[in-house]
Amino acid sequence: MAHSTHHLYAHVVFATAHRYPYLTGELEAACHQCLREALIECDVYPIVMDGLSDHIHLLMKYKSNASISDIVKHIKGKSSYQLNYIGKMPIPFKWCRGYFAVSVSPRDVSKISCYIQDQKKTSQSEYEAWVARHFGPVL
């Protein structure tokens, strides 16, 4: 179909292995850059990305022929490889095995964008409740 238009959005969340707080300071910026580059390789447009020291929230626009699982596999693999290549971590960098993904209506893109941008402002109790709902109890 030569004249098809798609507006497909997904909110994706994934955590560091064992919820280790890797993502601070320079490493957080390097991780975000690695993820952006990997998304572009997948022909995916990253709308907004943020999180806390142990997880990433990503709102992305993707094409209809893309698989979210393939996108996440690629960006997690490439970013962990690159971050380990940088070698500034006290222990090897790893992502957890799973991820959370939900489709987002075009009318909710701005609301989800604000939610992701406010990650660092979210209270600790809200964060822990969210983690418990999606990843199990905080250890």
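See above for the structure.
Report on the accompanying structure. (Residues numbered from 1 in each chain as written. Predicted model: local features only at pLDDT ≥ 70, side-chain atom pairs only at ≥ 80, totals over all residues. Heavy atoms only, no water.)

## Here we look at the pattern of salt bridges
A side chain of one charge can pair with a side chain of the opposite charge if their charged atoms are brought near each other.
Piece 1. Enumeration over the complete set of coordinates arrives at four salt bridges.
Piece 2. For Asp 43, the salt bridge goes to Lys 63, with nearest N and O atoms at 2.8 Å. Taken together, the residues Asp 43 in the loop between helix H1 (25–41) and strand E2 (45–52) and Lys 63 in the loop between strand E3 (55–62) and helix H2 (68–86) connect sequence positions 20 residues apart.
Piece 3. A residue is classified by how much of its surface remains accessible, and Asp 43, at 47% relative accessible area, is partly exposed.
Piece 4. When its relative accessible area of 45% is taken as the criterion, Lys 63 is described as partly exposed.
Piece 5. As a salt-bridge pair, Asp 108 and Lys 111 come within 3.9 Å of each other at their nearest N and O atoms. (Salt bridge = Lys/Arg side-chain N within 4 Å of Asp/Glu carboxyl O. Helix = DSSP H or I, 4+ residues; strand = E, 2+ residues; numbered from the N terminus. Buried < 20%, exposed > 50% of the residue type's maximum accessible area, 1.4 Å probe, protein only.)

## Considering H2
Piece 1. Look at H2: 27 Å from first C-alpha to last across 19 residues, which is about the 27 Å you get at 1.5 Å a residue.
Piece 2. Within H2 the residues assigned to the buried category are Ile 68, Ile 71, Val 72, Ile 75, Lys 76, Ser 79, Ser 80 and Leu 83. Across the axial projection of H2, the buried residues extend over an arc of 140°, all falling on one side. When the buried face of H2 is taken as reference, the exposed residues oriented beyond 90 degrees from it are Asp 70, Lys 73, Tyr 81 and Tyr 85.
Piece 3. Residues of H2 that are buried make contact with strand E1 (8–15), H1, E3 and strand E4 (100–104).
Piece 4. The positive-phi residue at the C-terminal boundary of H2 is Gly 87, with phi of around 70°. (Expected span 1.5 Å × (residues − 1). Arc of directions from axis to C-beta. Contact = heavy atoms within 4.5 Å.)

## Some words on the nonpolar core
Grouped burial of nonpolar side chains is what soluble globular proteins tend to show.
Piece 1. Leu 35, Leu 39, Ile 56, Met 60, Ile 75 and Trp 95 are the most contacted members of the largest nonpolar core, which has 24 residues in total.
Piece 2. Residue contributions to this core peak at six residues, all from H1.
Piece 3. With residues near it in sequence (within four places) discarded, Met 60 still touches Leu 8, Tyr 9, Ala 10, Val 12, Leu 39, Val 44, Tyr 45, Pro 46, Ile 47, Ile 68 and Ile 71.
Piece 4. By size, the runner-up hydrophobic cluster in this structure holds seven residues, among which are Val 48, Leu 59, Val 104 and Ile 112. (Core = buried A, V, L, I, M, F, W, Y, C linked by side-chain atoms within 4.5 Å.)

## Some thoughts on the pairing of E2
Piece 1. For E2, the buried fraction is high: six of the eight residues fall into the buried class.
Piece 2. In this sheet, E3 lies alongside E2 in antiparallel orientation, the contact comprising seven bridges. Paired with Tyr 45 across the strands is Lys 61, a residue of E3.
Piece 3. Hairpin geometry of E2 and E3 is characterised by an intervening segment of two residues between the two adjacent antiparallel strands. (Pairing = 2+ DSSP bridges.)

## Description of the pairing of E1
Successive side chains on a regular strand alternate, one facing one side of the sheet and the next facing the other.
Piece 1. Taking burial as the measure, the eight residues of E1 include seven buried ones, the bulk of the element.
Piece 2. With eight bridges joining them, E1 and E3 adopt antiparallel strand pairing. Across the sheet, the residue bridging to Leu 8 is Tyr 62, located in E3.
Piece 3. With five bridges joining them, E1 and E4 adopt antiparallel strand pairing. Within E4, the residue paired with Tyr 9 across the bridge is Val 104.

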